[in-house]
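# Per-entry structural report
So the chains spell out like this:
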Amino acid sequence: MSLFSSLSVSASGMAAERARASLLVENLANAETTRTPEGGPYRRKDAVFASEAVTSPFGSEFANAIGAEGTGVRVAEVIEDQSAPERRYQPGHPDAGADGYVAFPHINPAEDMVDLMSASRNYEANVAAISAVKDMISHSIDLLR
Amino acid sequence: MLNPVAGSLERYMDLLSARQKLVASNIANAETPGYRTVDLDFEREFRSQVAGGQPRASEVPGLEVNHDGNNVSLDREARLLAENGLRFQVAEALLKSQLQQMRQAISGGGSG
């Protein structure tokens with residue numbers, strides 16, 4: 001039934017926004033990190049979304065009798081900011097170079113906060129869609145009473 | 001078994017479910033680069049459904065496109081989300097009264 005696969009579509013949206021939010025939080029937490037396992041300062045990460053056809057748990061057996069296909073969303077890739085790190089003059093810092101400059105991550109907390117708000121709003125929009133569809137399903141079930 | 005009105009109501013509800021699914025897709029893809037809003041032409045699809053056709057989704061023209069090629073408007077989708085839910089409730093109430101009539105006919109129109 002079409003309504004149940006709508007739930008999968010919204011759930012994929014929630015999962016993607018949650019993944020994005022966790023990357024943004026990671027960026028905020030690492031705004032001052034100068035050491036990473038790969039070496040060098042932390043690099044800002046962001047998620048790129050791509051749409052994807054959702055498969056219902058029942059698979060093709062219960063393939064929709066009705067033609068309109070819904071498309072979910074997934075995190076296609078996680079991109080790292082490749083711009084040059086921000087150099088600050090801190091000669092006392094253990095990671096300072098010979099010239100006294102330290103490479104800090106190029107992170108603008110305001111940018112991450114704004115993106116975080118948008119991820120959170122989109123998450124809420126998906127939750128609203130789920131609850132609207134849930135109401136429709138429970139009303140259909142009420143027909144049996 | 002039920003009268004043609006109930007049959008039409010059923011198709012109407014099917015179509016509303018299909019539309020709600022597209023709205024859910026649009027909301028889920030609100031930040032997908034290059035994604036375009038899709039919707040059904042409700043009136044036309046309802047007529048073709050009553051005639052036994054399959055609904056077709058198409059891109060919605062005239063929406064503002066973002067810098068990343070996405071044109072989902074959350075306001076539009078929120079409105080449709082609520083509208084579809086309400087339309088569905090109306091159809092459900094009508095269908096319920098049809099079923100009620102059927103029950104009454106079965107029980108001979110008596111109070112039981």
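As the structure is a computational prediction, the values presented were derived from the model and not from experiment. (Residues numbered from 1 in each chain as written. Chains lettered and ligands numbered in written order. Predicted model: local features only at pLDDT ≥ 70, side-chain atom pairs only at ≥ 80, totals over all residues. Heavy atoms only, no water.)

This brings us to the overall build of chain A. Helix and strand counts for chain A stand at two helices and four strands. Across the 145 residues that make up chain A, the buried fraction comes to 37%. Surface summary for chain A: the accessible area is close to 8,000 Å², and the carbon and sulfur share equals 58%. (Helix = DSSP H or I, 4+ residues; strand = E, 2+ residues; numbered from the N terminus. Buried < 20%, exposed > 50% of the residue type's maximum accessible area, 1.4 Å probe, protein only. Areas by Shrake-Rupley, 256 points an atom, 1.4 Å probe, with all protein chains shown as cover.)

What follows covers the interface of chain B and chain A. Facing 34 residues of chain B, the contacting portion of chain A comprises 39 residues. Of the roughly 2,700 Å² buried at the junction of chain B and chain A (both faces included), carbon and sulfur atoms supply 62%. For the chain B face of the interface with chain A, the top three residues by lost area are Lys21, Ala28 and Glu31 of chain B, together amounting to 25%. One salt bridge connects Arg20 of chain A with Glu31 of chain B, and the closest N-O pair in it is separated by 2.4 Å. Applying the counting criterion to the chain B and chain A interface returns seven residue pairs in polar contact (both at pLDDT 80 or more). (Contact = heavy atoms within 4.5 Å. Buried area = accessible area lost by both parts, 1.4 Å probe. Salt bridge = Lys/Arg side-chain N within 4 Å of Asp/Glu carboxyl O. Polar contact = N/O pair within 3.5 Å; in protein donor to acceptor, adjacent residues only side chain to side chain.)

For helix H3 (residues 74-106) of chain B, which comprises 33 residues, the first-to-last C-alpha distance of 47 Å matches the rise-based estimate of 48 Å (1.5 Å per residue) to within 8%. Within the span of H3 of chain B, buried status applies to Arg76, Glu77, Leu80, Leu81, Asn84, Gly85, Phe88, Ala91, Glu92, Leu95 and Gln98 of chain B. Turning to H3 of chain B, the residues buried within the fold contact helix H1 (2-29) and helix H2 (109-142) of chain A together with helix H1 (4-28) and strand E1 (38-39) of chain B. Gly108 of chain B, located one to two residues past H3 of chain B, shows a positive phi value of around 75°. (Expected span 1.5 Å × (residues − 1).)

One can find Gly108 of chain B in the segment after H3. Residues Gly108 of chain B and Asp75 of chain B, spaced 33 residues apart in sequence, show a C-alpha to C-alpha distance of 50 Å.

The next thing to look at is the nonpolar core. Residues Leu3 of chain A together with Met13, Leu16, Phe88 and Leu95 of chain B are the most contacted members of the largest nonpolar core, which totals 22 residues. Looking at this core, the elements with two or more residues in it are H2 of chain A together with H1 and H3 of chain B. Tallying contributions element by element places H1 of chain B first for this core, with eight residues. Among residues more than four places away in sequence, those in contact with Leu95 of chain B are Leu143 of chain A together with Ala6, Leu9 and Met13 of chain B. Core analysis: the second largest hydrophobic core is formed by nine residues, Leu23, Ala47 and Val73 of chain A together with Ala28 of chain B among them. (Core = buried A, V, L, I, M, F, W, Y, C linked by side-chain atoms within 4.5 Å.)

A word on the packing of H1 of chain B against H3 of chain B. For any two helices packed against each other, the geometry is given by the interaxial angle and the distance between the axes. Residue and element names in this part refer to chain B. Relative orientation of the contacting elements H1 and H3 amounts to 160°, with a least axis distance of 9 Å. Here H1 is positioned roughly antiparallel relative to H3, judged by the angle of their axes. Considering how the two elements wind past one another, H1 and H3 form a crossing that is left-handed. Here the contact of H1 with H3 is built from residues that sort into 15 nonpolar, six polar and six charged. (Axes fitted to C-alpha atoms, helices over the stretch in contact; angles between N-to-C directions. Parallel < 35°, antiparallel > 145°, perpendicular 65-115°, else oblique. Left-handed = near helix turned anticlockwise from the far one by under 90°. Nonpolar A, V, L, I, M, F, W, Y, C, P; charged D, E, K, R; others polar.)

To continue, consider the pattern of salt bridges. All names here are of chain A. This structure, assessed with the given rule, holds 20 salt bridges over all chains. Arg88 is the partner of Glu32 in a salt bridge, and the nearest nitrogen-oxygen pair spans 3.5 Å. A residue pair is termed long-range when its members are at least 10 positions apart, and Glu32 in the loop between H1 and strand E1 (45-53) and Arg88 in strand E3 (residues 86-89) qualify at 56 residues. Relative accessible area serves as the criterion here: at 25%, Arg88 is assigned to the partly exposed category.

Before going further, it helps to examine the environment of Met113 of chain A. All names here are of chain A. You can see Met113 is positioned in helix H2. We classify Met113 as partly exposed; its relative accessible area is 40%. Spatially, the C-alpha atom of Met113 lies 8.6 Å from that of Val25, the residues being 88 residues apart in sequence.

Moving on: the packing of H2 of chain A against H1 of chain B. At a closest axis distance of 9 Å, the pairing of H2 of chain A and H1 of chain B adopts a crossing angle of 165°. With respect to H1 of chain B, the axis of H2 of chain A lies roughly antiparallel. The interaxial crossing formed by H2 of chain A with H1 of chain B has left-handed handedness. Along the contact surface, H2 of chain A presents Ala125, Asn126, Ala129, Ala132, Val133 and Met136 of chain A, while H1 of chain B presents Leu16, Ser17, Gln20, Ile27 and Ala28 of chain B.

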